[in-house]
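Structural features, examined
Chain by chain, the residues run as shown.
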Amino acid sequence: MKTFLRMKAFKFLILVFLFSSCNLPKYYFKDDSITTGVDFSEGKWLLDRIQTSKENEDKLTKMTTDYFGDKLNNRFNTVFSEKVLIAQKNNFPLTREELKQIKIGTNYDYFIQIKSGNMKNELGSIDTTPSRFNSNLGNEASIQMIIYDLNTQQIIYSKNAFGVTGNPEKNSYDVTLSKSSKSLLYGCLKKIFKDLEQKSLQ
């Protein structure tokens, strides 16, 4: 019985340490000027090639195609799988004239662009830098999504999500747990999906 209680106490202490040394990520929108979602019930939707690093492109593309594919079924496609007459790499954001040309070349109604921002990875997932040296270190990532109405050449949705994690003030632990900038990037995209889910017509 005593051995069992010691094991429970030991596990509890481990959990307390992990929680207190964990740098919880924070996600936020930098520009929240567009407060409405979109109408998923109509039109054909096309996803542009995601503008990001090669190591993140496949994962971000899968996350995005899974989300929009679930919402739109056969009314959603990507520039990879659809034979469309548009540039392989488009500007971000697009001009009205570029949107007109995409409409002519695709005959789609909505166009989705996604671009990741600069990433900072100063803390490892398990970081052993002494606390007196890492108080100003942190990991950061950001990603922006723009959805255009190709019929009106207007932006109907735009969100720029940021994710950050860093050592909290007065943290005295020399071992800390932090999300990597790559994990933060995926979390930023999930935050945009959550915003769309809450504000859009299904």
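Before any of the text, the structure's been laid out above.
Now for a description of the structure that goes with this document. (Residues numbered from 1 in each chain as written. Predicted model: local features only at pLDDT ≥ 70, side-chain atom pairs only at ≥ 80, totals over all residues. Heavy atoms only, no water.)

Summarising the sheet, strand S2 (residues 26-29) and strand S9 (residues 154-166) pair through 4 bridges and their orientation is antiparallel. Directly across from Lys26, in S9, lies its bridge partner Val164. Sheet analysis places strand S8 (residues 138-149) next to S9, joined by 12 bridges and oriented antiparallel. Note on S9: the bridge partner recorded for Ile147 is Tyr157. Once S8 ends, the chain turns through 4 residues before running back antiparallel as S9, passing Gln153 with a positive phi of about 55°. (Pairing = 2+ DSSP bridges. Helix = DSSP H or I, 4+ residues; strand = E, 2+ residues; numbered from the N terminus.)

Turning next to the nonpolar core. Here is a general trend for soluble globular proteins: nonpolar side chains tend to be buried in one another's company. Trp45, Phe68, Ile112, Met145 and Ile147 are the most contacted members of the largest nonpolar core, which totals 29 residues. Elements supplying a minimum of two residues to this core: strand S3 (45-47), helix H2 (54-72), strand S5 (110-116), S8, S9 and helix H4 (181-199). With 8 residues, the top contributor of residues to this core is H4. If we ignore the near neighbours within four places in the chain, the residues touching Trp45 are Val38, Asp39, Phe40, Leu72, Arg75, Phe76, Asn77, Tyr108, Tyr110, Ile112 and Ile147. The next biggest cluster of nonpolar side chains, apart from the first, holds 13 residues, and it includes Leu46, Ile86, Leu99 and Phe111. (Core = buried A, V, L, I, M, F, W, Y, C linked by side-chain atoms within 4.5 Å. Buried < 20%, exposed > 50% of the residue type's maximum accessible area, 1.4 Å probe, protein only. Contact = heavy atoms within 4.5 Å.)

Moving on to unusual backbone geometry. Omega for the bond connecting Phe92 with Pro93 falls within 30 degrees of zero, at 0°, which places this linkage in the cis form. Its place among the elements puts Pro93 in the loop between strand S4 (76-78) and helix H3 (96-106). Backbone geometry at Asn107 places phi at a positive 60°, although glycine is not the residue there. Relative to the helices and strands, Asn107 is located in the loop between H3 and S5. Positioned with a positive phi, Gln153 is a non-glycine residue whose angle comes to about 55°.

Along the chain, Leu60 turns up in helix H2. By relative accessible area, which is 0% here, Leu60 ends up buried. Leu60 sits 126 residues away from Tyr186 along the chain, and the two C-alpha atoms are 7.1 Å apart. Leaving out residues up to four positions away in the same chain, Leu60 has contacts with Ile50, Thr52, Ile143, Leu185, Tyr186 and Leu189.

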